[in-house]
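Reading the structure
The lines below spell out each chain.
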Amino acid sequence: NLKPKVQWLKELGMDDSQVAKTIVKFPQLMSFSLEENLKPRVEWLKELGMDDSQVAKTITNFPQLMGYSLEENLKPRVQWLKE
């Protein structure tokens, strides 16, 4: 069901146009699990210091980020940048 995912995106601070833009750019986002994929990535972005509005803007501009593996892609790249 898409409704819970759309509602969750809105709870992050996205308006209707941002949700639509995100889905058009990366429709696969709607096939991901909220609990196993989307929420852990958002929590990780928040651990990096982003607030909800920054997370919403990041997902709107680059929704493909939500499809990357935390352990295999995102965390190692951020660690590399920090070094």
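Rules used in this analysis
Residues numbered from 1 in each chain as written. Predicted model: local features only at pLDDT ≥ 70, side-chain atom pairs only at ≥ 80, totals over all residues. Heavy atoms only, no water. Salt bridge = Lys/Arg side-chain N within 4 Å of Asp/Glu carboxyl O. Helix = DSSP H or I, 4+ residues; strand = E, 2+ residues; numbered from the N terminus. Phe/Tyr/Trp six-rings, centres within 6.5 Å; stacked < 30°, edge-to-face > 60°. Buried < 20%, exposed > 50% of the residue type's maximum accessible area, 1.4 Å probe, protein only. Arc of directions from axis to C-beta. Contact = heavy atoms within 4.5 Å. Axes fitted to C-alpha atoms, helices over the stretch in contact; angles between N-to-C directions. Parallel < 35°, antiparallel > 145°, perpendicular 65-115°, else oblique. Left-handed = near helix turned anticlockwise from the far one by under 90°. Nonpolar A, V, L, I, M, F, W, Y, C, P; charged D, E, K, R; others polar.

With respect to the pattern of salt bridges
For the structure on display, the rule yields four salt bridges. Lys39 is the salt-bridge partner of Glu35, the closest N and O atoms lying 2.8 Å from each other. In this pair, Glu35 and Lys39 are both assigned in helix H3 (residues 34–47), four residues apart and thus about one turn of the helix distant. Across the pair Asp52 and Lys46 runs a salt bridge, and its minimum N-O distance is 2.7 Å.

Examining the packing of aromatic side chains
Taken as a whole and judged by the stated rule, the model has two aromatic pairs. On the basis of an interplanar angle of 55° and a centroid distance of 5.9 Å, the ring pair of Phe26 and Phe32 is categorised as tilted. One exposure class covers both Phe26 and Phe32, and it is buried. Residues Phe62 and Tyr68 carry aromatic rings whose centres are separated by 6.2 Å and whose planes lie at 40° to one another, so their mutual orientation is tilted. A relative accessible area of 35% places Phe62 in the partly exposed class. Accessibility expressed as a relative area gives 35% for Tyr68, which makes it partly exposed.

Description of helix H1 (residues 3–11)
Where H1 is concerned, the buried positions are Lys5, Trp8 and Leu9. Each buried residue of H1 lies within a common arc of 100° when the element is viewed along its axis, so the set occupies one face. Facing away from the buried side of H1, by more than 90 degrees, are the exposed residues Lys3 and Glu11. Looking at the buried positions of H1, the neighbouring elements they touch are helix H2 (16–25) and H3.

Describing the packing of H3 against helix H4 (residues 52–61)
Relative to each other, H3 and H4 sit at 125°, their axes nearing to 10 Å. When the axes of H3 and H4 are compared, the pair comes out oblique. The way H3 lies across H4 gives a crossing that is right-handed. Each of Val42, Leu45 and Lys46 in H3 lies in contact with H4, whose residues at this interface are Asp52, Val55 and Ile59. Across the contact of H3 with H4, the residue classes break down as four nonpolar, no polar and two charged.

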